[in-house]
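# What the coordinates show
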There are 4 protein chains.
Amino acid sequence: MLSFECDYAEGAHEKIMQRLIETNREQKPGYGVDGYCDRAKNKIRAACGCPEAEVHFLVGGTQTNQIVIDSMLQSYEGVVAVRTGHVNGHEAGAIEYTGHKVLALPHKEGKLEAALLRTYLKGFYEDSSYDHMVFPGMVYITHPTEYGTLYTKRELLEIKAVCTEYQIPLYLDGARLGYGLGTDGTDVTLKDIADICDAFYIGGTKLGALFGEAVVFPKGNAPKHFFTRIKQHGGLLAKGWLLGLQFDTFFTDDLYVEIGRHAVRMADRIRAALRGKGYTFYMDSPTNQIFIVLPNDGLEQLQHKVVLSVWEKPDEDHTVVRITTSWATTEEMVRELTDIL
Amino acid sequence: MLSFECDYAEGAHEKIMQRLIETNREQKPGYGVDGYCDRAKNKIRAACGCPEAEVHFLVGGTQTNQIVIDSMLQSYEGVVAVRTGHVNGHEAGAIEYTGHKVLALPHKEGKLEAALLRTYLKGFYEDSSYDHMVFPGMVYITHPTEYGTLYTKRELLEIKAVCTEYQIPLYLDGARLGYGLGTDGTDVTLKDIADICDAFYIGGTKLGALFGEAVVFPKGNAPKHFFTRIKQHGGLLAKGWLLGLQFDTFFTDDLYVEIGRHAVRMADRIRAALRGKGYTFYMDSPTNQIFIVLPNDGLEQLQHKVVLSVWEKPDEDHTVVRITTSWATTEEMVRELTDIL
Amino acid sequence: MLSFECDYAEGAHEKIMQRLIETNREQKPGYGVDGYCDRAKNKIRAACGCPEAEVHFLVGGTQTNQIVIDSMLQSYEGVVAVRTGHVNGHEAGAIEYTGHKVLALPHKEGKLEAALLRTYLKGFYEDSSYDHMVFPGMVYITHPTEYGTLYTKRELLEIKAVCTEYQIPLYLDGARLGYGLGTDGTDVTLKDIADICDAFYIGGTKLGALFGEAVVFPKGNAPKHFFTRIKQHGGLLAKGWLLGLQFDTFFTDDLYVEIGRHAVRMADRIRAALRGKGYTFYMDSPTNQIFIVLPNDGLEQLQHKVVLSVWEKPDEDHTVVRITTSWATTEEMVRELTDIL
Amino acid sequence: MLSFECDYAEGAHEKIMQRLIETNREQKPGYGVDGYCDRAKNKIRAACGCPEAEVHFLVGGTQTNQIVIDSMLQSYEGVVAVRTGHVNGHEAGAIEYTGHKVLALPHKEGKLEAALLRTYLKGFYEDSSYDHMVFPGMVYITHPTEYGTLYTKRELLEIKAVCTEYQIPLYLDGARLGYGLGTDGTDVTLKDIADICDAFYIGGTKLGALFGEAVVFPKGNAPKHFFTRIKQHGGLLAKGWLLGLQFDTFFTDDLYVEIGRHAVRMADRIRAALRGKGYTFYMDSPTNQIFIVLPNDGLEQLQHKVVLSVWEKPDEDHTVVRITTSWATTEEMVRELTDIL
């Protein structure tokens, strides 16, 4: 059955598959100290405009968040995130497992607001017993957010200003970063992110890699012995070149952003169709994720013809549903869907 | 340059690559609840002779050891292993990271001896202050061991008898299990392992998967909510079918053991050549790993022509070197090597 | 200067000091396996009406919460508490340090509402991806709460009913339990608590012990090897009889509740004086803690004459202040305070 | 029955009890920010000859080791200790609980040898795969050791030189430090320890405090927010002045070392008696602990008359027994014991 359930339902982009096939029998050193990783890292540094960046490759998103956050925090510190942030609700407590509290704040359309962040931090240090509490040790944001929304460059700069004021780093979870970069109208580039953030990751799994995320410490500011920390957390891949090879491909001829653009174009067509047919949008998201509100019985009918992702229930009679396009979405699939809608 | 450094230098066995290519554009559910995983699990259950076994797929070996051991132990328990056990020395403290001590015992040719284990456990409970100490909560062994040696069925049964006496589970790390199963003269089958052990994993990464290990709880005895524990440890793969597909291939037409047999055959030829030329073996290992002692200057010459793995230094003038064959070793590579030796 | 800042500003109740002096030179076994601990445990079992209860003594409250919660939870579980619960905000992340998330819900006058708890648990298990989330593994409540309020017996039974429905244990933090038990009008007795809860602790530090909390598992349901868990968490006291001796004294001639009654009587007089002088109460608390709202300049004047505890700022111009009585509060101190007010 | 089982069988030294009684009703601020703590810290700084030292008070020894070691290590580091070190065997895995491996080396009469330490560290960094292993992040020694032996100043300086060479801190567990300082013939003073070590603790529990250990970071080098780390580990005492008061007493008129001297004098008399009667010493220890080897039947007879501590069994027929004196040992008790022997 036709599925718009998520952006990780298929294997890998054909260009990536091609490279895997071509290099399959080559002998390479293990654990990511091979030439493919080196090339990928250099291309990422160039794309970020950060020659001194440290780049590390990991297998999945929760793993990446866990290792990066645990490594950047002191043991008495927690990570500030919005309540809907992936680390707060959907990672099975992977952050707490490493000993750190997620300090959850309210969100606005999935985003953290700089003013709210400042109020929270100010309040923390004004509390006379703050040293009996978890110190806010870093700020975590997602871009695109869990609701497919995007920060503007100004919003990112405002958050960064608060972080600078309170001397805590800003970390950006880019599980779907390519879909954000490939969205018309965004004023946030990869270079901006590298410039503004203290750490971020470029998501591969959802953008057409078999798996893989590239963590970037743009100022050469990776926590000491990050390699050993990855190993200690169980995240080190023996055949590490698989990660290098995939990211080398992503960052050749701008494939990474091109994939994002394609998926957003597909989503735009679906959004237009939905709008035309009078569907209610739950939130206004410009990227590859679309959230619509359906009456429960309408949802049931739809589910006979297409797989969608059930998100949340705003009331007894309605359901929020997510439609997701990806690198693998074809024009034909979109036509099929819009016919059904 | 020719390399016999390790068994994870190449990509994946051609049959696996073929399946990845064929199924690349299929849409599958994420996180391992797909049909490929189901089929692979059923085939593994059949191969183990354990219809009630619970099977879970993970990405890498350290990750697998970390999650299995942490999940099977109570928080006040540690894992008993020989000093040379992979979890004790070469996993960057991944076990301790989860709060558990590795209780290290002396080894004999890389193996744990049942008698020594019994002496240790007896002594523990005879100590009047044992409740101030870390409880031995499980026994960890590797098969083949880090030195390429194999337990006999009788040795495994003796270890199991001690475990039963002290009511602690036996866990077998099978990172190179296929190479053990494919060795002439072993009397240990996969069914024996499933019968004797409380948990074990069937290594994929070193046997010709891109990555992947299959954890088996043969008596349906997986720790509760093992899926969530995997997620919490950062080990859940979004495109979980990749693991199912690879193990489905391994367990079709006995490919897994066949791969093992091939590599051991290649190693046997190298062993014969070494013996013929008077090389000194460090340990007598029958599987795909060969350990020889070289004078330091001889080693240096060799390193100009072939990549080997430097293991340890028994004295100032000699070095122990490891030669490893794998699923990817060809007869031509073996000929080249024996010419060099 | 006169202080009503907290209930742990002085040493120990005179009866406790007396026993410490009398027994100082006796030789006793270490680590709590002495006769005083035995006697105290028996008296607590009798007072709880639970002959089969397991009782353990610990030094402090955060330590107790940390060890009890960590020991009762599976590693993939978190603890449900209201946002103002001590474990959520004021223990420096001691719960998260052990790997568990605090699942925070809104409070009503510091209390958890059974209906809200049910809604949360129902929603959790209805979410199709709940196994990607932290499982609610136990419920934590305080009695008296952080705002000095008390549950009714009916409220406790309602919460317990939800816990039973979802098969998770109920744990009660009784840091100030004696002040709750000693409050006129409460219908909750120690026996009720032992009957309703799966675990709770009887607070000593704030009731006139030098230090010490008594954890009770009323159904003999202590986590296995709880002694070793205490040691592992760094909580085992070498001279454990100090704890036994103090609780033996508390539970001789009903001293524990008598202390509570005295402090509440003192607080009642202060409440009457405050009411008479038109002060605004922030919350209506019947125990030894009183929360009043003061204009900021009024607070400053007061602070020249008496030490109070600054709690929170409901707005720019006002401050919530806590007045606390204790076992050590004398009638003269109360008179002095009411003169100042 | 007469007991020489340990040095924590009685309550507190009379001078300490006296201060507790005198100050019982005073109102003091909580959590160790009171005047008694300040005075005690100043006196300790003076005794150490380190005006810039940071001093923190904790309740017990395992707790102290856990918090200090966890706070000083990076997460990928372990602590080097001899196999008989308290942290390795007798703290129920408290160090591993915080995520760190104890890297155990052989001991010589309970002590770590500088040469062995250097060999280990050298070997670690020469191993080509050291970044897959636990980094040695600090060195832990005890003084007196678990066998009552003492380092010479020269031995300490040699260990320190190795630490300096490898840039890792040296931490000294002084659970029985006073007994070491009070031993005739030692050339190690408190000032030497403060000069040589990066962190150490002055044990109170075993020297006649009700409880309490003073951690000293002699160069003002406490890990950041050590107070909050103590709280997070559950180690913060509400009535913190109890600790300050006891250490203020210890460091008034040299009481701390005087207590040590007394106990060692008592032990010397017992040693002389044992020697005279032909007993076999297991190890030559000059402090308050005496280890003798007894035939098993001789031990049984002795146990009818005096409580001793059974240590280990060197063979089937013999037992090593520990006799311990303390601040509370009287001349009469010693006479009684020597009569029995």
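Here is a short report on the structure shown in this document. None of these values were measured; they are calculated from a predicted model.

Residue-level contacts link 49 residues of chain D with 50 residues of chain C. A buried area of about 4200 Å², summed over both sides, lies between chain D and chain C, and 53% of it is on carbon and sulfur atoms. Put simply, chain D and chain C have two salt bridges between them. In this structure, arginine 25 of chain C engages glutamate 14 of chain D in a salt bridge whose closest nitrogen and oxygen atoms are separated by 3.0 Å. One can count 32 residue pairs in polar contact (both at pLDDT 80 or more) joining chain D with chain C.

What follows covers helix H11 (residues 241-250) of chain D. Residues and elements named next belong to chain D. The buried fraction of H11 amounts to 10 of the 10 residues, a majority that puts the element mostly inside the structure. Buried within H11 we find Trp241, Leu242, Leu243, Gly244, Leu245, Gln246, Phe247, Asp248, Thr249 and Phe250. Buried positions along H11 lie against helix H1 (14-22), helix H2 (35-48), strand S2 (54-58), strand S7 (199-203), strand S8 (213-217) and helix H12 (255-276).

Moving on to unusual backbone geometry. Note the cis peptide between histidine 143 of chain C and proline 144 of chain C, where omega equals -10 degrees. Mapped onto the elements, proline 144 of chain C comes out in the loop between strand S5 (135-142) and helix H7 (153-165). For glutamine 167 of chain B, which is not a glycine, the phi torsion comes out positive at approximately 55 degrees. Note on placement: glutamine 167 of chain B falls in the loop between helix H7 (153-165) and strand S6 (170-174). Classification of glutamine 167 of chain B as exposed rests on a relative accessible area of 74%. A positive phi is found at alanine 92 of chain C, a non-glycine position, where the angle reads about 55 degrees. Turning to its location among the elements, alanine 92 of chain C is positioned in the loop between helix H4 (86-89) and helix H5 (94-97). Of the residues examined, alanine 92 of chain C reaches a relative accessible area of 1% and is grouped as buried.

The next subject is the relation of the copies chain D and chain C. One copy of the chain maps onto the other through a rotation about an axis followed by a shift along the same axis. In the superposition of chain D on chain C (RMSD 0.0 Å, axial shift 0.0 Å), the rotation amounts to 180 degrees. Such values leave the two copies arranged in the relation of a two-fold axis. Comparing interface residues between copies, 100% of those in chain D also sit at the interface in chain C, which points to an isologous, same-surface contact.

Moving on: the packing of helix H2 (residues 35-48) of chain B against helix H11 (residues 241-250) of chain B. Residue and element names in this part refer to chain B. For the pair H2 and H11, interaxial distance at closest approach is 7 Å and the crossing angle is 40 degrees. If you check the angle between H2 and H11, you find them oblique. Here H2 and H11 pass one another in a crossing that is left-handed. Every residue of H11 that contacts H2 at Tyr36, Cys37, Arg39, Ala40, Lys43 and Ile44 is listed here: Trp241, Gly244, Leu245, Phe247 and Asp248. Class assignment for the residues of the contact of H2 with H11 results in seven nonpolar, one polar and three charged.

This part takes up the interface of chain A and chain C. In this assembly, 16 residues from chain A lie in contact with 16 residues from chain C. Where chain A abuts chain C, roughly 1400 Å² becomes buried across the two surfaces, and 49% of that area is made up of carbon and sulfur atoms. If you sort the residues of chain A by the area they bury against chain C, His90, Glu96 and Lys101 of chain A come out on top, with a joint share of 33%. Seen at the junction of chain A and chain C, the total is two salt bridges. Residue lysine 101 of chain C pairs with glutamate 96 of chain A through a salt bridge whose shortest N-O separation is 2.6 Å. Between chain A and chain C we count six residue pairs in polar contact (both at pLDDT 80 or more) in total. Within the residue set of the side of chain A that touches chain C, elements represented by two or more residues are helix H4 (86-89) and helix H5 (94-97) of chain A. Tallied by class, the residues present in the side of chain A that touches chain C amount to five nonpolar, eight polar and three charged.

Residues and elements named next belong to chain C. Spatial strand order, S9-S10-S13-S12: four strands in an open sheet with antiparallel pairing. Looking at strand neighbours, the two that pair on one side only are strand S9 (280-281) and strand S12 (309-315), the edges of this open sheet. Across the face of the sheet, helix H13 (residues 296-303) comes into contact with strand S10 (289-295), S12 and strand S13 (318-324) while running at roughly 120 degrees to S10.

Further remarks concern the pairing of strand S6 (residues 170-174) of chain A. Look at any regular strand and the pattern is simple: side chains alternate between the two faces of the sheet. All names here are of chain A. Burial analysis of S6 places five of its five residues in the buried class, the great majority of the element. Burial of the side chains of S6 extends over both faces: Leu170, Leu172 and Gly174 are buried on one face and Tyr171 and Asp173 on the other. Relative to S6, strand S5 (residues 135-142) runs parallel, the two being bridged by four bridges. Each bridged residue has a counterpart across the sheet, and for tyrosine 140 the counterpart in S6 is tyrosine 171. Read as a crossover between parallel neighbours, the route from S5 over helix H7 (residues 153-166) to S6 is right-handed. When S6 meets strand S7 (residues 199-203), the two strands line up parallel, connected through four bridges. Residue tyrosine 171 lies in a different strand from S7, and its bridge partner there is alanine 199.

What counts, and where the lines are drawn
Residues numbered from 1 in each chain as written. Chains lettered and ligands numbered in written order. Predicted model: local features only at pLDDT ≥ 70, side-chain atom pairs only at ≥ 80, totals over all residues. Heavy atoms only, no water. Contact = heavy atoms within 4.5 Å. Buried area = accessible area lost by both parts, 1.4 Å probe. Salt bridge = Lys/Arg side-chain N within 4 Å of Asp/Glu carboxyl O. Polar contact = N/O pair within 3.5 Å; in protein donor to acceptor, adjacent residues only side chain to side chain. Buried < 20%, exposed > 50% of the residue type's maximum accessible area, 1.4 Å probe, protein only. Helix = DSSP H or I, 4+ residues; strand = E, 2+ residues; numbered from the N terminus. Least-squares fit on C-alpha atoms with pLDDT ≥ 70 in both. Axes fitted to C-alpha atoms, helices over the stretch in contact; angles between N-to-C directions. Parallel < 35°, antiparallel > 145°, perpendicular 65-115°, else oblique. Left-handed = near helix turned anticlockwise from the far one by under 90°. Nonpolar A, V, L, I, M, F, W, Y, C, P; charged D, E, K, R; others polar. Pairing = 2+ DSSP bridges. Right-handed = clockwise from strand over helix to strand, strands pointing away.

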